[in-house]
Amino acid sequence: MSTEEQKNNHSDPSPAVELNDQMKRRLEERTHLAEAGINPYPYKFDVTAFSSSIVASFVDDTPENVSVAGRIMTIRKMGKASFLHIQDCQGRIQIYLKRDDVGEDAYNAFKLLDIGDIVGVSGYSFRTKTGEVSVHAQQFELLSKSLRPIPVAKEKEVDGEKVVFDAFSDREMRYRQRYVDLIVNPEVRETFIRRTNVVSFIRRYFSSNGWLEVETPILQPIYGGAAARPFTTHHNALDMQLYLRIANELYLKRLIVGGFDGVFEFAKDFRNEGIDRFHNPEFTQVELYVAYKDYIWMMELVENLLHEACLEVNKRDTTTFLGNEINLKPPFRRLTISDSIREYTGRDIRDKSEAQLRDIAKDLGLELDPKISSGKIIDEIFGEFVEPRLIQPTFITDYPEEMSPLAKKHRSEPGLVERFELIVGGKELCNSFSELNDPVIQRERLESQAKLRQRGDDEAMIVDEDFLRALEYGMPPCAGLGIGIDRMVMLLTGQDSIRDVIFFPHLKPE
RNA sequence: GAGAAUAUAGCUCAGUUGGUUAGAGCAUCUGCCUUUUAAGCAGAGGGUCGAAGGUUCGAGUCCUUCUAUUCUCACCA
């Protein structure tokens, strides 16, 4: 609603929306009910049973007394008796309503109800002629009058398969009115339940290892921990600029300095970048830091976590993602970034100068921004020729130092750091390193980032003096991990768009 | 940020080469129907064709601009 409409709303009590005939009728009905002494929005209803449970417990066709509540999804009136389906948290159940059972007044009142209204029904379970377990209503009560018609999709069973006709499918409206999407498209509801299950699973997995779930600042005076452009905001009382975090890495490491052996946080992060089906301006990452461990150890953890999460939500170790069958059974393939580039392009990028790398990229047909340096050039080659072709889960390891200012230098390969990314379906899913804990080198790295910034790289990191001070007190050796939760949920639920795993994805205002 | 596609009833969609009063199914309303299930039968109402301009005797249809969404590309996880 625009500001103008809101103003109008204040001076004029009538709704600002243009009413269609169906809404007018329902609004009138609401008034009639009130006039007849029936509260269209009563306070409570004692629910004793839910749809699927009623069906499940109808063994030996023994009737049970039940009170169910839910939204009316279908109505079939046959004169003096009617069938309807109501939908509750578990699914749908059919209600049978007969005039001679509920009485003439009640039956007439029922006839005024609409699809979309929420009702409470008391009666007993039974099986209809056609075999559907249903509730034979003895009493019913309106619990909430619905004023807007919901998009009704008809369903039919064909060979045991459910066929839906004219489903509510306009993507824009589904995202803008997710509540309607959730009412009428059960698979959407299912996807989000699985999302929650994935998050709960990770939380249990981490907690059971003794690691502590923590919360760190979202509003940060200095943003860091990733290469990205931030959202800025302003604190009035302090009159200072603040940033919405792009990562929580630097705060979690401060906690490792503080003596926790393992900490993790499910973090909403914010990045001021483009929007597409893999990127939403706010997204969720879980970051984990474990003291006395390295990135090799972390790879094993990721393999097991992903595999078990897949078993948990899919009951098997494969999933379909972006048209590919993905097998998440460990072990995953491990490949250094230079080996991967050699495998997919035939070029050797090891021990090459910036000029040589630029030549290789040019030779491969890549057009590069002249400002970018060797690390970024390698990243470009990888992103263009390798990453999209890594469909099955693959750990890419041992990145150039320059691309990874927070990672520890490789124990045996000069110029590289101990880092891995997990690529699945051609997309990055995790990022991890043996964390750099030498405060002197960390300072050098951040200062060279600052130089890159001056060169025009607006994603390069900023020197965070307090973070360096923390490292100077001493941080134990430590392995860190970040998992993109939205993408992990996409992978495990087979969704092709991040908008289908975020309840309210960002859209421009209507 | 660039390109392409889409926008017609509450929902899902037709609408030919520019030509009478813009159609269908579901939903809604009226009547009939006491085990139906995409219930059925008979009838009725419902539209600023995304917005604003323009061309034309005449625009849902052609042109321009704008808005939103979707897809692709660029940046990014």
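Residues numbered from 1 in each chain as written. Chains lettered and ligands numbered in written order. Predicted model: local features only at pLDDT ≥ 70, side-chain atom pairs only at ≥ 80, totals over all residues. Heavy atoms only, no water.

Engineer: It is not clear to me how the overall build of chain A should be interpreted in this structure. Could you clarify?
Structural biologist: Regarding its fold elements, chain A presents 16 helices and 20 strands. By its C-alpha atoms, chain A is 90 × 60 × 50 Å across when sized along the principal axes. Per-residue burial over chain A gives 46% buried out of 510 residues. Here the contacts in chain A between residues at least 6 apart in sequence split such that 64% fall between residues at least 24 apart. Roughly 26,200 Å² of accessible area belongs to chain A as shown, and the carbon and sulfur atoms make up 49% of that amount. Positive and negative side-chain charges of chain A, numbering 66 and 84 respectively, have mean locations separated by a distance of 2 Å. (Helix = DSSP H or I, 4+ residues; strand = E, 2+ residues; numbered from the N terminus. Buried < 20%, exposed > 50% of the residue type's maximum accessible area, 1.4 Å probe, protein only. Contact = heavy atoms within 4.5 Å. Areas by Shrake-Rupley, 256 points an atom, 1.4 Å probe, with all protein chains shown as cover. Lys, Arg positive; Asp, Glu negative; His and termini not counted. Charge placed at Lys NZ, Arg CZ, Asp CG, Glu CD.)

Engineer: Just to check I follow, could you spell out the protein's contact with RNA strand B for this structure?
Structural biologist: Inspection of the region around RNA strand B gives 57 residues, with Asp100, Thr130, Lys154, His279 and Arg487 positioned closest. Protein-proximal atoms of RNA strand B, defined as those within 4 Å of the protein, fall in sugar or phosphate at a share of 57%. Here a base oxygen of RNA strand B sits 2.7 Å away from a polar atom, N or O, in the main chain of Lys129. Arg277 places a side-chain nitrogen or oxygen 3.1 Å from a phosphate oxygen of RNA strand B. Taken together, the elements giving at least two residues each to the surface near RNA strand B come down to α2 (21-35), β1 (65-78), β2 (81-87), β3 (92-98), α4 (99-102), β6 (154-158), α6 (171-176) and α13 (374-386). For the surface near RNA strand B, the element with the highest residue contribution is α6, accounting for 5 residues. In terms of residue class, the surface near RNA strand B is made up of 17 nonpolar, 11 polar and 29 charged. (Near = heavy atom within 4 Å. Polar contact = N/O pair within 3.5 Å; in protein donor to acceptor, adjacent residues only side chain to side chain. Nonpolar A, V, L, I, M, F, W, Y, C, P; charged D, E, K, R; others polar.)

Engineer: What exactly am I supposed to notice about the sheet that holds β2 here?
Structural biologist: Within a sheet, each strand pairs with its neighbour through backbone hydrogen bonds, oriented either parallel or antiparallel. Pairing is mixed in the closed barrel, where 5 strands are placed in the order β1-β2-β3-β5-β4. With direction set aside, neighbouring strand axes in the sheet form an average angle of 55°. Helix-sheet contacts for helix α5 (residues 104-111) involve β1, β2, β3 and β5 (133-144), and the interaxial angle to β2 is about 55°. (Pairing = 2+ DSSP bridges. Axes fitted to C-alpha atoms, helices over the stretch in contact; angles between N-to-C directions.)

Engineer: Can you help me understand the sheet that holds strand β10 (residues 231-235) in this one?
Structural biologist: The strand order across the open sheet built from 3 strands is β9-β11-β10, with neighbouring strands paired in antiparallel fashion. Strands with a single pairing partner mark the edges of an open sheet, and in this sheet they are β9 (219-220) and β10. Examined bridge by bridge, β9 and strand β11 (residues 240-244) share 2 bridges and lie antiparallel to one another. Its bridge partner being in β11, Leu219 is matched across the sheet by Leu244.

Engineer: Before we go on, may I ask you to explain the pattern of salt bridges in this structure?
Structural biologist: One side chain can pair with another of opposite charge once the charged atoms of both are near each other. One pass over the full model with this rule turns up 40 salt bridges. A salt bridge links Arg25 to Glu29, with the nearest nitrogen and oxygen atoms 3.3 Å apart. One end of the pair, Arg25, and the other, Glu29, are both in helix α2, 4 residues apart, so they sit about a helical turn from each other. For Arg25, a relative accessible area of 33% translates into the label partly exposed. Here Lys376 ties to Glu459 by a salt bridge, and the two come within 3.7 Å at their closest N and O atoms. Placement of Lys376 in helix α13 and of Glu459 in the loop between α14 (439-454) and α15 (465-473) is noted, with a sequence separation of 83 residues between them. Residues participating in the shared-partner salt-bridge network are Arg25, Glu29, Asp114, Asp117 and Lys145. (Salt bridge = Lys/Arg side-chain N within 4 Å of Asp/Glu carboxyl O.)

Engineer: So what exactly am I meant to see when it comes to the packing of aromatic side chains here?
Structural biologist: The way to describe two aromatic rings as a pair is by their centre distance and the angle between their planes. Per the stated rule, a full pass over the model turns up 15 aromatic pairs. Summarising the aromatic geometry, the rings of Phe201 and Tyr205 are spaced 5.9 Å apart at their centres and angled 50° between planes, so their arrangement reads as tilted. Linking Phe201 with Tyr205, this pair stays in helix α8 (residues 186-208), spanning 4 residues, or about one helical turn. Among the residues examined, Phe201 registers a relative accessible area of 8% and is labelled buried. Taken together through their ring pairs, the aromatic side chains of Phe201, Tyr205, Phe206, Trp211, Phe264, Phe266 and Trp297 make up a single cluster. Over the ring of Tyr251 we find Arg254; its NZ or CZ atom is 4.5 Å from the centre of that ring. (Phe/Tyr/Trp six-rings, centres within 6.5 Å; stacked < 30°, edge-to-face > 60°. Lys NZ or Arg CZ within 6 Å of the ring centre and 35° of its normal.)

Engineer: Can you help me understand the environment of Pro388 in this one?
Structural biologist: Structurally, Pro388 is set in the loop between α13 and β17 (394-397). Between the alpha carbons of Pro388 and Asn327 there is a distance of 17 Å; along the sequence they are 61 residues apart.

Engineer: Help me out: how do you make sense of the domain arrangement of chain A in this one?
Structural biologist: The figure often quoted for interface size is the accessible area lost as the parts come together. Domain annotation for chain A reports domain 1 (3-144), domain 2 (155-184) and domain 3 (187-215 + 246-332 + 392-500). Between the C-alpha centres of domain 1 and domain 2 the distance comes to 20 Å. (Domains from an automatic or database assignment.)

Engineer: Help me out: how do you make sense of the environment of Pro393 in this one?
Structural biologist: Take Pro393: it is sitting in the loop between α13 and β17. Taking the C-alpha atoms as reference, Pro393 lies 13 Å from Asn431; in sequence the two are 38 residues apart. The contacts of Pro393, once residues within four sequence positions are left out, are Ile326, Asn327, Leu328, Phe332, Arg333, Leu422, Ile423 and Val424.

Engineer: Help me understand the nonpolar core in this model?
Structural biologist: Ranked by internal contacts, the top residues of the largest apolar core, which has 45 residues, are Ile202, Phe206, Leu288, Leu422, Met488 and Leu492. At the level of elements, α8, β12 (262-270), β13 (282-291), α10 (295-314), β18 (419-424), β19 (427-434), β20 (478-484) and α16 (485-493) are the ones that each hand at least two residues to this core. No other element matches α10, which puts 10 residues into this core. Setting aside residues up to four positions removed in sequence, Ile202 forms contacts with Phe266, Val286, Leu305, Ile485 and Met488. In terms of nonpolar packing, the next biggest core, distinct from the first, is built from 39 residues, Tyr344, Ile381, Ala407 and Leu446 among them. (Core = buried A, V, L, I, M, F, W, Y, C linked by side-chain atoms within 4.5 Å.)

Engineer: What's the story with the pairing of β3 in this structure? I'm lost.
Structural biologist: With 5 of its 7 residues buried, β3 lies for the most part within the structure. The pairing of β2 with β3 spans 7 bridges and is antiparallel. Bridged to His85 within β3 is Gln94. The turn linking β2 back onto β3 is made up of 4 residues, and Gly91 within it adopts a positive phi angle of 155°. Where β3 lies against β5, 3 bridges are found, and the strand directions are parallel. Within the sheet, the bridge partner assigned to Gln94 lies in β5 and is Ser134.

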